[in-house]
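Chain by chain, the residues:
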Amino acid sequence: MNFFTNAFNLFFGILMYGGMLLLGLGGLYWLWVAIQIGSFMMFVVGLFPLFYIVTVPVGAWSILFGVPDWVFRFFG
């Protein structure tokens, strides 16, 4: 029983650290996309901590699935 508990904890520990890493990279990716499309406003929004609740998950989503069209329409 102890083996399964340890395996469960290891699996979800790796999942949680991977998620935190992905979110951290998502925030940086948001800024990178802003530089690539030349949007100063998108870059400023990415630096303002109040907007992290939107920019970080969207940046993480963009790493995995591509930048959503609404980001290009809104900022591009």
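Residues numbered from 1 in each chain as written. Predicted model: local features only at pLDDT ≥ 70, side-chain atom pairs only at ≥ 80, totals over all residues. Heavy atoms only, no water.

(A) Structural detail: the overall build of the protein. In terms of regular secondary structure, the protein is built from four helices and zero strands. Its helices and strands taken in sequence order, the protein reads α-α-α-α from the N to the C terminus. Expressed as a percentage of its 76 residues, the buried residues of the protein come to 26%. At a minimum sequence separation of 6, the contacts of the protein that also span at least 24 residues come to 62%. Carbon and sulfur atoms form 79% of the exposed surface of the protein, whose accessible area is close to 5,700 Å². (Helix = DSSP H or I, 4+ residues; strand = E, 2+ residues; numbered from the N terminus. Buried < 20%, exposed > 50% of the residue type's maximum accessible area, 1.4 Å probe, protein only. Contact = heavy atoms within 4.5 Å. Areas by Shrake-Rupley, 256 points an atom, 1.4 Å probe, with all protein chains shown as cover.)

(B) Summary view of the environment of G59. Turning to its location among the elements, G59 is positioned in helix α3 (residues 52–65). Given the relative accessible area of 1%, G59 is considered buried. For the pair G59 and L22, spaced 37 residues apart in sequence, the C-alpha to C-alpha distance is 8.9 Å. When neighbours within four sequence positions are excluded, G59 is seen to be in contact with G26, Y29 and W30.

(C) Spatial organisation of the side chain of S62. When you line up the elements, S62 lands in helix α3. For S62, a relative accessible area of 6% corresponds to the buried category. Contacts of S62, omitting those with residues within four sequence positions, involve Y29, V67 and P68.

(D) Fine view of the side chain of S39. Tracing the sequence through the fold places S39 in the loop between α1 (2–37) and α2 (40–47). Assessed through its relative accessible area of 8%, S39 is described here as buried. Residues in contact with S39, not counting those within four places in the same chain, are A34 and F75.

(E) The packing of α1 against α3, seen in detail. At a closest axis distance of 7 Å, the pairing of α1 and α3 adopts a crossing angle of 95°. Of the possible angle classes, the one that applies to α1 and α3 is roughly perpendicular. Packed against α1, whose contacting residues are L22, L23, L25, G26, G27, Y29 and W30, the element α3 presents T55, V56, P57, V58, G59, A60, S62, I63 and L64 at the interface. In terms of residue class, the contact of α1 with α3 is built from eleven nonpolar, five polar and no charged. (Axes fitted to C-alpha atoms, helices over the stretch in contact; angles between N-to-C directions. Parallel < 35°, antiparallel > 145°, perpendicular 65-115°, else oblique. Nonpolar A, V, L, I, M, F, W, Y, C, P; charged D, E, K, R; others polar.)

(F) Layout of the nonpolar core. Counting residues in hydrophobic clusters, the biggest one holds ten residues: W30, L31, V33, A34, M42, V45, V58, V67, V71 and F75. Those elements that provide at least two residues to this core are α1, α2 and α4 (69–75). Among the elements that take part in this core, α1 stands out by supplying four residues, more than any other. In contact with L31, other than residues within four places in its own chain, are F43, G46 and L47. (Core = buried A, V, L, I, M, F, W, Y, C linked by side-chain atoms within 4.5 Å.)

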